[in-house]
Number of protein chains: 2
Amino acid sequence: MKELTIQQKKVLQCIKFYIKKTGFPPTRADICRELGFKSPNAAESHLRALEKKGYITIENGASRGINLTENTAEKSQTIPVIGLVAAGSPTLADENIEKHIPFQESLFLSDFDYFLRVKGLSMKDAGIMEDDLVAIKKTSEVRNGDIVVARIDDEVTLKYFQSSGNQIKLIPANDDFDEIYINKETEGFFIEGKSVGLIREN
Amino acid sequence: MKELTIQQKKVLQCIKFYIKKTGFPPTRADICRELGFKSPNAAESHLRALEKKGYITIENGASRGINLTENTAEKSQTIPVIGLVAAGSPTLADENIEKHIPFQESLFLSDFDYFLRVKGLSMKDAGIMEDDLVAIKKTSEVRNGDIVVARIDDEVTLKYFQSSGNQIKLIPANDDFDEIYINKETEGFFIEGKSVGLIREN
DNA sequence: ATTTATACTGTATATATATTCAGTAAAATT
DNA sequence: AATTTTACTGAATATATATACAGTATAAAT
């Protein structure tokens, strides 16, 4: 990370102190008041310098939209929640992210990358109900019996994984649903990740 | 500290999440967006209620001038995990505590007091499987349909709660198990708390 | 029975705030 | 030597935001 000048350090310090004191970040005018500047542009330019050097992020247009970056302030992480939609990939693309929730990665045995919001009851006998959040670790290394996020073209599903040779079976945990048979080399087929945990908000 | 209503809790939760996510508090409009309100005054009145009850302070005239009170601010807590054993009470007595896990209380809509480690499959159709951790809020105020921790003498179970008059029914979510009928005044019967969430470590 | 609190919609507005533009000047980099 | 970065003042402005006011309706407290 790029070094800060003395003035920039003062501004960063001022932001941290202000947040500690008030609970929310300062405005440009607040920074001027604290540091004796007479023009809001003095603060503005320092902020842009801090942003450029990676110490803060600025949400444009938002008042007090200053956020200390991870290196700058130790924060408890937020994990994205992604909707399980029939069409569209469950990647971390912005349009698929439902929201972020604060969470400790360490809760489950494995680390994980995102939560998948479950739709439907195809895995109900595995205790996975509608609207549950399944913690997904992005990986294509899965074992028989794992609950995996599989993509076939645009369709994304959560199923038990079972492979033998070149043949792959995706097995629902609900008698009302059918098993899916695919070939390992089928175009458009992809294992997005596997379930490593679950949380349910009652 | 005065109790919050469900809506007020949701607003408080929303503020906490927003701060964790963005690093700064939400505007009235942000709260409306998150919770589906159509008027900024909906957020405003809730904020004033939260202020009056001492959960937040508001700096008048300042944008995003919301500050969580000390008691309100999240300390990442550790929450005890208690085994659901056939004999013995699921109280917080040391001998019953399996371990402590770090956890943010704010994850679920309601706060909660401990995790119950589920034994058996009597609630499997409710998506509650063996070894799941059910977040329990200690309370005896439960409603029909709630999943409750009930104690009958030394036996502790997790069941759906259904009462009519003096008669209480404890209903399993599994056809292999029988419903339990009890009288409200039965000696040794006690509602320990209710489920407000669930996590599963795969 | 009356008041107060809860839980909103909808409109309006003063002002708090981010942000751009026009300068000045010294220091650091290329 | 030329350019970029740092470090500001000062003024202007679009818009983000808090907040008041007028309603409606239900639940809880006194």
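Residues numbered from 1 in each chain as written. Chains lettered and ligands numbered in written order. Predicted model: local features only at pLDDT ≥ 70, side-chain atom pairs only at ≥ 80, totals over all residues. Heavy atoms only, no water.

Draft legend 1. Representation of the protein's contact with DNA strand D within the structure. Every one of the 24 residues lining DNA strand D counts as a neighbour, but Gln7 and Ser63 of chain A together with Arg48, Gly61 and Arg64 of chain B are closest to it. Sugar plus phosphate: this is where 73% of the atoms of DNA strand D within 4 Å of the protein reside. Asn41 of chain A has a polar side-chain atom sitting 3.0 Å from a base oxygen of DNA strand D. One of the backbone N or O atoms of Gly61 of chain B is found 2.5 Å from a phosphate oxygen in DNA strand D. Mapped by element, the contributors of at least two residues to the surface near DNA strand D are α1 (6-22) and α3 (40-52) of chain A together with α3 (40-52) of chain B. Here the element with the most residues in the surface near DNA strand D is α3 of chain B; it accounts for 4 residues. (Near = heavy atom within 4 Å. Polar contact = N/O pair within 3.5 Å; in protein donor to acceptor, adjacent residues only side chain to side chain. Helix = DSSP H or I, 4+ residues; strand = E, 2+ residues; numbered from the N terminus.)

Draft legend 2. Seen up close, unusual backbone geometry. Look at Asp131 of chain A: it is not a glycine, yet its phi comes out positive at around 75°. By the secondary structure assignment, Asp131 of chain A is in the loop between β5 (114-117) and β6 (133-138). On the accessibility criterion, Asp131 of chain A (40% relative accessible area) is partly exposed. In this structure, Arg64 of chain B takes a positive phi of about 55° despite not being glycine. (Buried < 20%, exposed > 50% of the residue type's maximum accessible area, 1.4 Å probe, protein only.)

Draft legend 3. Quick peek at the nonpolar core. Counting residues in hydrophobic clusters, the biggest one holds 30 residues, and the most contacted among them are Ile128 and Leu158 of chain A together with Ile128 and Leu158 of chain B. Those elements that provide at least two residues to this core are β5, β6, β7 (147-152) and β8 (155-164) of chain A together with β5 (114-117), β6 (133-138), β7 (147-152) and β8 (155-164) of chain B. Membership of the second largest hydrophobic core comes to 22 residues, among which are Ile101, Phe108, Phe112 and Phe115 of chain B. (Core = buried A, V, L, I, M, F, W, Y, C linked by side-chain atoms within 4.5 Å.)

Draft legend 4. Structural context of the interface of chain B and chain A. Contacts between chain B and chain A engage 35 residues on the former and 36 residues on the latter. Summed over both sides, the interface between chain B and chain A buries roughly 3100 Å², with carbon and sulfur atoms accounting for 52% of that surface. If you look at where chain B meets chain A, you find 0 salt bridges. Breaking the side of chain B that touches chain A down by element, the ones donating at least two residues are α1 (6-22), β2 (66-68), β4 (97-103) and β11 (189-201) of chain B. Split into classes, the residues belonging to the side of chain B that touches chain A amount to 17 nonpolar, 11 polar and 7 charged. (Contact = heavy atoms within 4.5 Å. Buried area = accessible area lost by both parts, 1.4 Å probe. Salt bridge = Lys/Arg side-chain N within 4 Å of Asp/Glu carboxyl O. Nonpolar A, V, L, I, M, F, W, Y, C, P; charged D, E, K, R; others polar.)

None of the figures reported here should be taken as evidence of function without further support.
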